[in-house]
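Spelled out from the first residue to the last, the chains are:
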Amino acid sequence: MIYFDNSATTFVSEKVRAKLMELTEDSVSANPGALHKLGNKAIDLYEGIRKETAELLGAKPGEIFFTSCATESANTAIKGYMSRNKRAGNAVISTRTEHKATLECLEYLSKLGYEIRYLKVDKSGKPTMESLEEELTKGGVALACFTLVNNETGSILPIDDITKSIKKISPSTVIYLDCVQALGKMPVNLSTIGADMASFSGHKIHSVKGNGVLFIKNGVKIDPFILGGGQQEGMRSGTQSPLLAGAFLEALKEVSAGIPEAYDKTTEINSYLRKELVARGAQILSPDDALPYVLNVSFKGFESETMLHCLEIYDIYVSTVSACSAKAKKVSYVLLEMGIDRKTAANAVRLSFSRHNTMDEAKEFISRVDEIYEQFLIK
Ligand code: PLP
(Lines give C-alpha, C1' and ligand atoms only; values in the text may rest on other atoms or scores of the structure.)
Protein backbone atom coordinates (compact mmCIF):
# COMPACT_ATOMS: atom_id res chain seq x y z
CA MET A 1 0.00 0.00 0.00
CA ILE A 2 1.09 3.55 -0.73
CA TYR A 3 -0.63 6.09 1.48
CA PHE A 4 -0.35 9.62 0.10
CA ASP A 5 -3.36 10.99 1.98
CA ASN A 6 -1.72 12.20 5.17
CA SER A 7 -3.35 15.63 5.11
CA ALA A 8 -6.71 13.90 5.49
CA THR A 9 -5.47 11.83 8.39
CA THR A 10 -2.37 9.93 9.44
CA PHE A 11 -1.93 6.39 10.70
CA VAL A 12 -1.46 5.88 14.43
CA SER A 13 2.19 5.46 15.42
CA GLU A 14 3.47 2.47 17.38
CA LYS A 15 4.44 4.69 20.30
CA VAL A 16 0.95 6.21 20.45
CA ARG A 17 -0.56 2.71 20.43
CA ALA A 18 1.67 1.67 23.32
CA LYS A 19 0.85 4.87 25.22
CA LEU A 20 -2.87 4.23 24.76
CA MET A 21 -2.50 0.78 26.30
CA GLU A 22 -0.61 2.25 29.25
CA LEU A 23 -3.21 4.97 29.78
CA THR A 24 -6.14 2.57 29.84
CA GLU A 25 -4.84 0.81 32.96
CA ASP A 26 -7.21 0.94 35.94
CA SER A 27 -4.70 2.80 38.10
CA VAL A 28 -4.89 5.90 35.88
CA SER A 29 -8.51 5.67 34.77
CA ALA A 30 -10.36 7.39 37.60
CA ASN A 31 -12.22 10.64 36.97
CA PRO A 32 -9.65 13.47 37.20
CA GLY A 33 -12.29 15.47 39.10
CA ALA A 34 -12.77 12.81 41.82
CA LEU A 35 -11.69 13.69 45.37
CA HIS A 36 -10.12 10.32 46.24
CA LYS A 37 -6.50 9.45 45.69
CA LEU A 38 -7.15 7.72 42.37
CA GLY A 39 -8.75 10.95 41.16
CA ASN A 40 -5.70 12.89 42.37
CA LYS A 41 -3.48 10.54 40.43
CA ALA A 42 -5.52 11.07 37.28
CA ILE A 43 -5.54 14.87 37.55
CA ASP A 44 -1.79 14.96 38.27
CA LEU A 45 -1.21 12.83 35.20
CA TYR A 46 -3.45 15.08 33.12
CA GLU A 47 -1.82 18.30 34.29
CA GLY A 48 1.61 16.78 33.64
CA ILE A 49 0.56 16.00 30.07
CA ARG A 50 -0.75 19.53 29.68
CA LYS A 51 2.53 21.00 30.96
CA GLU A 52 4.66 18.92 28.59
CA THR A 53 2.35 19.69 25.65
CA ALA A 54 2.61 23.39 26.44
CA GLU A 55 6.40 23.21 26.63
CA LEU A 56 6.67 21.54 23.24
CA LEU A 57 4.39 24.14 21.65
CA GLY A 58 6.11 27.12 23.30
CA ALA A 59 3.13 27.96 25.50
CA LYS A 60 2.31 28.10 29.21
CA PRO A 61 0.29 25.20 30.66
CA GLY A 62 -2.67 27.49 31.43
CA GLU A 63 -2.82 28.47 27.76
CA ILE A 64 -3.42 24.91 26.54
CA PHE A 65 -6.89 23.30 26.40
CA PHE A 66 -7.60 19.81 25.13
CA THR A 67 -10.54 19.49 22.74
CA SER A 68 -11.98 16.72 20.59
CA CYS A 69 -10.55 18.00 17.29
CA ALA A 70 -9.31 21.12 15.53
CA THR A 71 -12.83 21.88 14.33
CA GLU A 72 -13.93 22.20 17.95
CA SER A 73 -10.87 24.35 18.66
CA ALA A 74 -11.78 26.65 15.75
CA ASN A 75 -15.42 26.93 16.84
CA THR A 76 -14.40 27.69 20.42
CA ALA A 77 -11.84 30.30 19.43
CA ILE A 78 -13.71 32.13 16.67
CA LYS A 79 -17.25 32.15 18.06
CA GLY A 80 -16.06 32.40 21.66
CA TYR A 81 -13.88 35.45 21.02
CA MET A 82 -16.56 37.36 19.13
CA SER A 83 -19.21 36.48 21.68
CA ARG A 84 -17.11 37.64 24.64
CA ASN A 85 -15.61 40.79 23.10
CA LYS A 86 -18.58 42.61 21.64
CA ARG A 87 -16.90 45.98 21.97
CA ALA A 88 -13.71 44.91 20.19
CA GLY A 89 -15.24 45.61 16.77
CA ASN A 90 -17.82 44.21 14.40
CA ALA A 91 -15.51 42.94 11.67
CA VAL A 92 -13.49 39.76 11.12
CA ILE A 93 -10.86 39.41 8.39
CA SER A 94 -9.93 36.14 6.75
CA THR A 95 -9.61 34.52 3.32
CA ARG A 96 -11.85 32.26 1.28
CA THR A 97 -9.09 29.64 1.17
CA GLU A 98 -9.51 28.69 4.83
CA HIS A 99 -10.60 25.23 5.92
CA LYS A 100 -14.34 24.75 6.39
CA ALA A 101 -13.79 24.61 10.15
CA THR A 102 -13.05 28.34 9.94
CA LEU A 103 -15.29 29.29 7.01
CA GLU A 104 -18.44 27.84 8.57
CA CYS A 105 -17.78 29.72 11.83
CA LEU A 106 -17.41 32.92 9.82
CA GLU A 107 -20.63 32.18 7.98
CA TYR A 108 -22.34 31.71 11.34
CA LEU A 109 -20.97 35.04 12.57
CA SER A 110 -22.13 36.77 9.42
CA LYS A 111 -25.68 35.50 10.08
CA LEU A 112 -25.43 37.08 13.54
CA GLY A 113 -24.68 40.41 11.89
CA TYR A 114 -20.88 40.52 11.99
CA GLU A 115 -19.07 41.81 8.95
CA ILE A 116 -16.70 39.27 7.42
CA ARG A 117 -14.10 40.87 5.20
CA TYR A 118 -12.38 38.35 2.93
CA LEU A 119 -8.94 39.40 1.75
CA LYS A 120 -7.82 38.97 -1.84
CA VAL A 121 -5.40 36.09 -2.33
CA ASP A 122 -2.62 35.78 -4.88
CA LYS A 123 -1.95 32.90 -7.29
CA SER A 124 -0.52 30.81 -4.47
CA GLY A 125 -3.54 31.37 -2.23
CA LYS A 126 -1.77 33.75 0.16
CA PRO A 127 -3.57 36.92 1.25
CA THR A 128 -2.09 39.97 -0.41
CA MET A 129 -0.52 42.56 1.87
CA GLU A 130 -2.35 45.38 0.06
CA SER A 131 -5.71 43.78 0.73
CA LEU A 132 -4.76 43.13 4.37
CA GLU A 133 -3.71 46.74 4.91
CA GLU A 134 -6.80 48.06 3.15
CA GLU A 135 -9.20 46.05 5.31
CA LEU A 136 -7.34 46.80 8.55
CA THR A 137 -7.30 50.51 7.78
CA LYS A 138 -11.10 50.56 7.52
CA GLY A 139 -11.09 49.85 11.27
CA GLY A 140 -13.31 47.80 13.57
CA VAL A 141 -11.43 44.51 13.03
CA ALA A 142 -11.82 42.44 16.18
CA LEU A 143 -10.43 39.18 14.86
CA ALA A 144 -8.19 37.91 12.05
CA CYS A 145 -8.41 34.22 11.06
CA PHE A 146 -5.70 32.54 9.01
CA THR A 147 -4.20 29.13 8.29
CA LEU A 148 -0.47 28.57 8.57
CA VAL A 149 -0.35 25.81 5.94
CA ASN A 150 -3.19 25.28 3.50
CA ASN A 151 -4.48 21.71 3.59
CA GLU A 152 -5.16 21.48 -0.14
CA THR A 153 -2.04 23.06 -1.60
CA GLY A 154 0.59 23.29 1.16
CA SER A 155 0.76 27.06 0.64
CA ILE A 156 2.55 28.67 3.60
CA LEU A 157 1.10 31.85 5.10
CA PRO A 158 3.57 34.77 5.38
CA ILE A 159 2.75 34.91 9.08
CA ASP A 160 5.55 37.30 10.09
CA ASP A 161 4.49 39.93 7.54
CA ILE A 162 0.85 39.49 8.50
CA THR A 163 1.37 39.85 12.24
CA LYS A 164 3.67 42.83 11.68
CA SER A 165 1.03 44.57 9.61
CA ILE A 166 -1.75 43.79 12.11
CA LYS A 167 0.31 44.98 15.07
CA LYS A 168 1.13 48.20 13.21
CA ILE A 169 -2.29 49.11 11.80
CA SER A 170 -4.71 47.48 14.21
CA PRO A 171 -2.89 46.35 17.36
CA SER A 172 -6.05 45.34 19.21
CA THR A 173 -7.00 42.78 16.52
CA VAL A 174 -6.68 39.27 17.92
CA ILE A 175 -5.15 36.62 15.63
CA TYR A 176 -6.50 33.07 15.35
CA LEU A 177 -4.15 30.71 13.52
CA ASP A 178 -5.02 27.24 12.25
CA CYS A 179 -1.78 25.29 12.71
CA VAL A 180 -3.22 21.86 11.88
CA GLN A 181 -1.18 21.09 8.75
CA ALA A 182 1.98 22.77 9.99
CA LEU A 183 2.51 20.88 13.23
CA GLY A 184 5.42 18.46 13.12
CA LYS A 185 6.33 19.54 9.59
CA MET A 186 7.80 22.95 10.27
CA PRO A 187 8.74 24.64 13.54
CA VAL A 188 5.69 26.07 15.35
CA ASN A 189 6.59 28.07 18.44
CA LEU A 190 3.61 29.78 20.03
CA SER A 191 5.80 32.10 22.09
CA THR A 192 7.08 33.81 18.95
CA ILE A 193 4.60 33.14 16.16
CA GLY A 194 2.35 36.10 16.96
CA ALA A 195 -0.95 34.21 17.28
CA ASP A 196 -3.33 34.87 20.18
CA MET A 197 -5.28 31.67 19.60
CA ALA A 198 -4.28 28.57 17.65
CA SER A 199 -5.66 25.14 16.83
CA PHE A 200 -4.06 21.72 16.43
CA SER A 201 -5.34 18.25 15.59
CA GLY A 202 -4.03 14.95 16.93
CA HIS A 203 -5.03 12.74 14.02
CA LYS A 204 -2.89 14.76 11.61
CA ILE A 205 0.26 13.94 13.62
CA HIS A 206 -0.15 10.16 14.05
CA SER A 207 -2.34 10.25 17.14
CA VAL A 208 -5.85 8.80 17.16
CA LYS A 209 -8.93 10.74 16.06
CA GLY A 210 -10.80 12.54 18.81
CA ASN A 211 -8.12 14.82 20.24
CA GLY A 212 -7.19 18.38 19.46
CA VAL A 213 -5.65 21.35 21.20
CA LEU A 214 -6.70 24.96 21.52
CA PHE A 215 -4.14 27.58 22.53
CA ILE A 216 -5.48 30.76 24.09
CA LYS A 217 -2.84 33.26 25.04
CA ASN A 218 -2.91 34.56 28.60
CA GLY A 219 -5.03 37.68 28.74
CA VAL A 220 -7.27 36.76 25.78
CA LYS A 221 -10.80 36.24 27.06
CA ILE A 222 -13.37 34.11 25.27
CA ASP A 223 -16.75 32.58 26.05
CA PRO A 224 -16.47 28.79 26.36
CA PHE A 225 -18.16 26.75 23.65
CA ILE A 226 -18.94 23.68 25.77
CA LEU A 227 -20.58 24.39 29.10
CA GLY A 228 -20.95 21.96 31.96
CA GLY A 229 -18.94 20.85 34.96
CA GLY A 230 -16.34 23.60 34.57
CA GLN A 231 -13.36 21.37 33.77
CA GLN A 232 -10.24 22.94 32.18
CA GLU A 233 -10.83 26.20 34.07
CA GLY A 234 -14.36 26.35 32.70
CA MET A 235 -13.00 26.79 29.17
CA ARG A 236 -13.96 23.31 28.01
CA SER A 237 -16.29 21.35 30.23
CA GLY A 238 -16.50 17.58 30.02
CA THR A 239 -14.48 14.99 31.96
CA GLN A 240 -10.83 15.38 31.01
CA SER A 241 -9.30 12.44 29.16
CA PRO A 242 -5.69 11.73 30.14
CA LEU A 243 -5.92 8.94 27.54
CA LEU A 244 -6.57 11.26 24.57
CA ALA A 245 -4.41 14.11 25.87
CA GLY A 246 -1.62 11.58 26.47
CA ALA A 247 -2.00 10.23 22.93
CA PHE A 248 -1.70 13.77 21.56
CA LEU A 249 1.42 14.42 23.63
CA GLU A 250 3.07 11.16 22.58
CA ALA A 251 2.45 11.98 18.91
CA LEU A 252 3.64 15.55 19.43
CA LYS A 253 6.88 14.33 21.01
CA GLU A 254 7.53 12.07 18.05
CA VAL A 255 6.83 14.64 15.33
CA SER A 256 8.67 17.41 17.15
CA ALA A 257 11.92 15.45 16.85
CA GLY A 258 13.75 15.39 13.53
CA ILE A 259 11.67 18.02 11.72
CA PRO A 260 14.58 19.18 9.47
CA GLU A 261 15.51 15.61 8.44
CA ALA A 262 11.88 14.72 7.66
CA TYR A 263 11.53 17.98 5.74
CA ASP A 264 14.56 17.16 3.57
CA LYS A 265 13.32 13.64 2.89
CA THR A 266 9.88 14.92 1.92
CA THR A 267 11.40 17.64 -0.26
CA GLU A 268 13.27 14.95 -2.20
CA ILE A 269 10.04 12.99 -2.75
CA ASN A 270 8.09 16.11 -3.69
CA SER A 271 10.73 17.39 -6.14
CA TYR A 272 10.99 14.00 -7.82
CA LEU A 273 7.21 13.74 -8.23
CA ARG A 274 6.90 17.30 -9.53
CA LYS A 275 9.56 16.65 -12.19
CA GLU A 276 8.18 13.29 -13.29
CA LEU A 277 4.54 14.42 -13.34
CA VAL A 278 5.28 17.58 -15.32
CA ALA A 279 7.19 15.43 -17.82
CA ARG A 280 3.94 13.49 -18.27
CA GLY A 281 1.90 16.61 -19.00
CA ALA A 282 0.45 17.10 -15.51
CA GLN A 283 0.09 20.58 -14.06
CA ILE A 284 1.37 21.29 -10.56
CA LEU A 285 -1.13 23.44 -8.66
CA SER A 286 0.75 23.74 -5.36
CA PRO A 287 2.92 26.86 -5.29
CA ASP A 288 6.66 26.40 -5.84
CA ASP A 289 7.36 27.49 -2.27
CA ALA A 290 4.66 25.30 -0.68
CA LEU A 291 5.41 23.01 2.23
CA PRO A 292 6.69 19.81 0.55
CA TYR A 293 4.21 17.65 2.45
CA VAL A 294 1.37 18.57 0.07
CA LEU A 295 1.45 18.27 -3.71
CA ASN A 296 -1.65 19.27 -5.60
CA VAL A 297 -1.54 18.13 -9.20
CA SER A 298 -3.98 18.25 -12.12
CA PHE A 299 -3.79 15.17 -14.35
CA LYS A 300 -4.42 15.63 -18.05
CA GLY A 301 -7.41 13.64 -19.31
CA PHE A 302 -8.58 12.34 -15.93
CA GLU A 303 -11.13 13.88 -13.62
CA SER A 304 -10.01 13.87 -9.98
CA GLU A 305 -12.27 11.08 -8.86
CA THR A 306 -11.44 8.85 -11.82
CA MET A 307 -7.73 9.18 -11.06
CA LEU A 308 -8.36 8.53 -7.35
CA HIS A 309 -10.15 5.27 -8.16
CA CYS A 310 -7.59 4.21 -10.80
CA LEU A 311 -4.82 4.63 -8.22
CA GLU A 312 -6.90 2.75 -5.66
CA ILE A 313 -6.77 -0.33 -7.92
CA TYR A 314 -3.02 -0.37 -7.22
CA ASP A 315 -3.54 0.15 -3.48
CA ILE A 316 -2.45 3.78 -3.72
CA TYR A 317 -4.45 6.31 -1.71
CA VAL A 318 -4.79 10.03 -2.47
CA SER A 319 -7.49 12.72 -2.13
CA THR A 320 -9.52 14.81 -4.49
CA VAL A 321 -10.47 17.99 -2.61
CA SER A 322 -10.23 17.93 1.19
CA ALA A 323 -11.90 14.88 2.71
CA CYS A 324 -14.79 16.81 4.25
CA SER A 325 -15.87 18.24 0.89
CA ALA A 326 -14.94 15.21 -1.23
CA LYS A 327 -18.29 13.46 -0.83
CA ALA A 328 -20.12 16.57 -2.04
CA LYS A 329 -18.34 16.17 -5.43
CA LYS A 330 -17.42 19.80 -5.58
CA VAL A 331 -14.51 21.36 -7.37
CA SER A 332 -12.08 22.76 -4.84
CA TYR A 333 -13.07 26.27 -3.74
CA VAL A 334 -9.45 26.83 -2.70
CA LEU A 335 -8.15 26.22 -6.23
CA LEU A 336 -10.89 28.37 -7.79
CA GLU A 337 -10.07 31.20 -5.38
CA MET A 338 -6.41 30.96 -6.49
CA GLY A 339 -7.59 31.69 -10.03
CA ILE A 340 -7.22 28.16 -11.38
CA ASP A 341 -9.80 27.43 -14.08
CA ARG A 342 -12.62 25.02 -13.29
CA LYS A 343 -11.48 22.39 -15.81
CA THR A 344 -7.97 22.20 -14.39
CA ALA A 345 -9.36 22.19 -10.84
CA ALA A 346 -11.77 19.37 -11.76
CA ASN A 347 -8.74 17.16 -12.51
CA ALA A 348 -6.88 18.03 -9.31
CA VAL A 349 -5.59 15.36 -6.99
CA ARG A 350 -3.90 16.01 -3.67
CA LEU A 351 -0.91 13.89 -2.73
CA SER A 352 0.02 14.41 0.91
CA PHE A 353 2.97 12.86 2.63
CA SER A 354 4.17 11.99 6.08
CA ARG A 355 7.73 11.51 7.24
CA HIS A 356 7.23 7.76 6.77
CA ASN A 357 6.82 7.91 2.98
CA THR A 358 9.78 6.85 0.87
CA MET A 359 11.39 7.50 -2.51
CA ASP A 360 10.60 3.90 -3.49
CA GLU A 361 6.92 4.68 -3.03
CA ALA A 362 7.27 7.82 -5.13
CA LYS A 363 8.91 5.80 -7.92
CA GLU A 364 6.21 3.15 -7.78
CA PHE A 365 3.58 5.88 -7.86
CA ILE A 366 5.01 7.22 -11.12
CA SER A 367 5.17 3.80 -12.74
CA ARG A 368 1.51 3.19 -11.75
CA VAL A 369 0.54 6.55 -13.26
CA ASP A 370 2.18 5.41 -16.51
CA GLU A 371 0.17 2.19 -16.41
CA ILE A 372 -3.04 4.12 -15.76
CA TYR A 373 -2.39 6.35 -18.79
CA GLU A 374 -1.66 3.29 -20.94
CA GLN A 375 -4.69 1.31 -19.79
CA PHE A 376 -7.43 3.81 -19.03
CA LEU A 377 -6.94 7.00 -21.02
CA ILE A 378 -9.62 7.34 -23.65
CA LYS A 379 -7.79 8.70 -26.67
N1 PLP B 1 -7.87 22.83 9.65
C2 PLP B 1 -7.18 22.25 8.66
C3 PLP B 1 -6.20 23.05 7.88
C4 PLP B 1 -7.39 20.89 8.36
O5 PLP B 1 -6.71 20.32 7.38
C6 PLP B 1 -8.34 20.17 9.13
C7 PLP B 1 -8.64 18.76 8.80
O8 PLP B 1 -8.79 18.41 7.64
C9 PLP B 1 -9.02 20.83 10.16
C10 PLP B 1 -8.77 22.16 10.40
C11 PLP B 1 -10.02 20.11 11.00
O12 PLP B 1 -9.37 19.17 11.81
P13 PLP B 1 -10.17 18.07 12.64
O14 PLP B 1 -10.39 16.93 11.73
O15 PLP B 1 -9.26 17.74 13.79
O16 PLP B 1 -11.43 18.71 13.10
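In the block above lies the structure referred to throughout.
Since this is a predicted model, take the numbers as computed values, not measurements.

How would you explain the site of the ligand if you had to name every residue and give the values?
All residues adjacent to the ligand are Cys 69, Ala 70, Thr 71, His 99, Asn 151, Asp 178, Val 180, Gln 181, Ser 201, His 203 and Lys 204. Contact between the ligand and His 99: an oxygen atom at 3.2 Å from a side-chain N or O atom of the residue. One of the side-chain nitrogen or oxygen atoms of Asp 178 is found 2.5 Å away from a nitrogen atom of the ligand. Protein chains bury 90% of the 390 Å² of accessible surface belonging to the ligand in isolation. Split into classes, the residues belonging to the shell around the ligand amount to three nonpolar, six polar and two charged.

I'd like to hear about helix H5 (residues 129-137), residue by residue, with values.
Among the residues making up H5, those that are buried are Ser 131, Leu 132, Glu 135 and Leu 136. Each buried residue of H5 sits inside an arc of 125° when the element is viewed along its axis, so together they form one side. In this structure, H5 carries Glu 130 and Thr 137 as exposed residues pointing more than 90 degrees from its buried face. Summarising the contacts, the buried residues of H5 are in contact with strand E3 (91-94), strand E4 (115-118), strand E5 (141-147) and helix H6 (159-169). Gly 139 lies just past H5 and shows a positive phi near 85°.

Parameters at a glance
Residues numbered from 1 in each chain as written. Predicted model: local features only at pLDDT ≥ 70, side-chain atom pairs only at ≥ 80, totals over all residues. Heavy atoms only, no water. Near = heavy atom within 4 Å. Polar contact = N/O pair within 3.5 Å; in protein donor to acceptor, adjacent residues only side chain to side chain. Areas by Shrake-Rupley, 256 points an atom, 1.4 Å probe, with all protein chains shown as cover. Nonpolar A, V, L, I, M, F, W, Y, C, P; charged D, E, K, R; others polar. Buried < 20%, exposed > 50% of the residue type's maximum accessible area, 1.4 Å probe, protein only. Helix = DSSP H or I, 4+ residues; strand = E, 2+ residues; numbered from the N terminus. Arc of directions from axis to C-beta. Contact = heavy atoms within 4.5 Å.

By themselves these figures say nothing about function.
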